[in-house]
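Structural features, examined
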Amino acid sequence: MFSERLGAEESRCQEDFHGLSVSKRLVRSVSQKLRKKNNNRSLGEEEDEDDDDVNGVSLKCLTLYGRGGGCKVGADTGDEVGDSSNRRRSSSGEEGKGYKPVCGPQDTAVVDCFSYGVRDRFWRRHQRKNSEIDELMTTNNKMHIFLPDDILEMCLVRLPLTSLMNARLVCKKWRSLTTTPRFLQMRREGLYQNPWLFLFGAVKDGFCSGEIHALDVSQNQWHRIDAGFLRGRFLFSVASVQDDIFIVGGCSSLTNFGKVDRSSFKTHRGVLSFSPLTKSWRKIPSMKYARSIPILGVFEVSLDFPSYQSRQDKRFPRSRIGGVSDVYEDPHKLSMRRHCRSTINETEASTLPSRKAHKFLKQISDLSSSKNSRRFLLVAVGGLGSWDEPLDSGEIYDSVSNKWTDIPRLPFDFGIACSGVVCGKMFYVYSETDKLAAYDIERGFWIAIQATPIPPRVHEYYPKLVSSNGRLFMLSVSWCEGDGQIGRRNKAVRKLWELDLLYLTWTEVSVHPDAPMDWNAVFVADKNLIFGVEMFKIFGQVLDFFTVCDVTDMSNWNHISRNHVTHELDGSSCVTKSVAVLHL
Amino acid sequence: MASSSSNLISLKTSDGTVFKVERALAKTMKTVQAIIEEADANIYMIPIHNVFSHHMDMIIDYYKLSVAGKSKEFSVEKLDNDELKDFLLAVHYLNMEDLFEVLTQAVADRLEKKSVGYVRKYFGIENDFTPEEYAAIRKKNDWAFKGDDIEPEEDEEKQEE
């Protein structure tokens, strides 16, 4: 029973305990003697009466046994702590003197304990050890209460990330305890994680420094990460994928390395994955097309989701994309289509290739399960190509096959994509001409969505789509009063709209408190929170505003940080900035 | 079922004190529940080892507050670090879920934002890292320091594409 108290923490006393083989009966008999208190505590300590009655054994008494090599009934007495050579020397000197009893005042107690004949040796040893023990007990004045590993884990799992990082520095055992996949899974499932905002694209003194600014939202603390691998790269897009951030595409200057140079630059196909937790990065296979500011979407799918490789050979009938379709006339048909989807899938003609895909996936999943067994798909559409031309192509990356595959182009009259987000099984994309389309990840084609009413907006501010809790939202800037009429006082305001996915109607939900100064404001969502990041230059100064809104409590936008980051940054950071949010 | 005649269950702590508690409270202690259920005959008194009267006092306080819907008001601030750990162990022994969560959170709260040295002292742990190991981990974890470069995983090399 007392083992529960001791737990598994390292301590010298503990090691001694393990070395002892003390029978329970013996210990109990000793403890009974202890309860008849004496005032002759040779250890010179204050003690509560209560402590001694713990499970019949006093921990402090055991310590003494451990250190003094005490009650080693039947054990080899040659292996006690300290030099045994002194034993004989001190015996003659000490004998006959008044011994200070170590435990219990009565001789009978001692006899009971040492009935196996080690009594004399114990006393001698005790005399020599006395001062040492005194020292030990006074420095560790109170015996530390040790928590067993499983309880310790339950405490550590609740720590926020920065404190957890500290915990990993405490000792090797804590480091291993807090880095097991099981521990991390427990942390994830127990909802002990918090959102972290990562701001990319910082430009300092004209140079793309590759600095990442991270905001620990729960602690309201900023951190800066020097990401040398991003130096010189600008106008890339970022997306959070599980615990990593994917950095996709972008440009870099050809003539002035590191400068934001729109005159002579190269557009990249490259993709990188950055892991803040391990502070490391790795290369991901490049896209098929070079893109800057592509629109990204991330789908988390199950391992047995059909592989995208097998779809490459399929042809998609053009008639399904764009043009007039049933969907325009009857939005309910869209939902009908969704209902039918499950039945259609079963009768899908492509049984053979997908069976192969399933098998293939199973093998791959075994390999990948050690590293990151959650499978995801990353879609990249649009963006600007190598000559800054707007692109309407799209491609998708499958984490299992580790390859990019083409997907059908955006609907032909769609326009230039300006924002996109994944919601449920669809990747919604909004265009500069207020068209809305959705890419069905399972069926593999685009659906044009006619949503009404189209929120009226200020022309230069392109709306931003964001998704939270399975709901689709849009932030759009519109005129508040006066509707742009000349002569009247007009106020532009940023509003949050929600799309009803069944009836395809936009409803205004809330109004953002800040005047919309940043046409390139970024909005990202994490669980039920929508974060807004605005940066703009005014009166020669660059300012930043971070706000958050809880979708379960729509009326409230709160400011979480102001002007913490940007005082060092150039105005061009407003254009190059991108934000990803992780749950860490 | 034990003591079917009354709604009170008698619990005897390690220091010999007997507490008469409501059945509902005893139900929150899974260990006690198990003892009651295992016994065929009526049990007069259930001994609870590792639990002392001062623990029981706090447990009863918590129970009263949670019944009144005020469980958030329960505070362990007055306990010092060792007392808190001690209480945590008692509650763990009794297998009381809610209170256990409250206490583990309290321990976590006390460790939050504290230095590595404080945490070691709190748990009585010795540092078993060599200075080099420590520095290496620190470097990897700590973002606050300027100039720490991000390292490529394994042998990745940065290439322009």
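Residues numbered from 1 in each chain as written. Chains lettered and ligands numbered in written order. Predicted model: local features only at pLDDT ≥ 70, side-chain atom pairs only at ≥ 80, totals over all residues. Heavy atoms only, no water.

Within chain B, the secondary structure is distributed over seven helices and four strands. Counting helices and strands in the order they occur from the N terminus, chain B gives β-β-α-α-β-α-α-α-α-α-β. Buried positions account for 42% of the 161 residues belonging to chain B. In chain B, of all internal contacts separated by at least 6 residues, the share reaching a separation of at least 24 is 55%. As presented, chain B carries roughly 9100 Å² of accessible surface, and 50% of it is formed by carbon and sulfur atoms. (Helix = DSSP H or I, 4+ residues; strand = E, 2+ residues; numbered from the N terminus. Buried < 20%, exposed > 50% of the residue type's maximum accessible area, 1.4 Å probe, protein only. Contact = heavy atoms within 4.5 Å. Areas by Shrake-Rupley, 256 points an atom, 1.4 Å probe, with all protein chains shown as cover.)

Residue and element names in this part refer to chain A. One can find Leu 377 in strand E14 (residues 375–381). Taking C-alpha positions, Leu 377 is 6.4 Å from Glu 300, a pair spaced 77 residues apart along the chain. Sequence-distant contacts of Leu 377, that is, excluding residues within four places in its chain, are made with Gly 297, Val 298, Phe 299, Val 301, Phe 305, Tyr 308, Ile 396, Tyr 397, Asp 398 and Ile 441.

Moving on to the confidence of the model for chain A. Considering every residue of chain A, the mean pLDDT works out to 74; 63% of them sit at 70 or more. Low pLDDT, under 50, characterises residues 131–141 of chain A; the stretch is placed with 13 contacts to residues that sit more than four places away or in other chains. (pLDDT = per-residue confidence, 0-100.)

Let us look at helix H9 (residues 149–156) of chain A. Within the sequence span of H9(A), burial applies to Ile151(A), Leu152(A), Glu153(A), Cys155(A) and Leu156(A). As for H9(A), its buried residues are in contact with helix H10 (161–167), helix H11 (172–177) and helix H12 (181–189) of chain A together with helix H4 (81–94), helix H5 (97–111) and helix H6 (116–123) of chain B.

A few words on helix H3 (residues 53–67) of chain B. All names here are of chain B. Its 15 residues give H3 an end-to-end C-alpha distance of 21 Å, which sits within 8% of 21 Å, the value for a rise of 1.5 Å per residue. Buried within H3 we find Ser 53, His 55, Met 56, Met 58, Ile 59, Ile 60, Tyr 62 and Tyr 63. Tucked into the core, H3 has its buried residues touching strand E1 (8–13), strand E2 (18–22), helix H1 (23–28), strand E3 (45–48), H4 and H5. Directly after H3, the chain includes Gly 69, whose backbone phi takes a positive value near 80 degrees. (Expected span 1.5 Å × (residues − 1).)

Another aspect to go through is the side chain of Asp514(A). Residues and elements named next belong to chain A. Along the chain, Asp 514 turns up in the loop between strand E24 (505–511) and strand E25 (522–526). Within the local environment of Asp 514, its side chain forms a polar contact with the side chain of His 559, the two groups lying 2.8 Å apart. Apart from residues no more than four positions distant in its own chain, Asp 514 is found in contact with Glu 534, Phe 545, Thr 547 and His 559. (Polar contact = N/O pair within 3.5 Å; in protein donor to acceptor, adjacent residues only side chain to side chain.)

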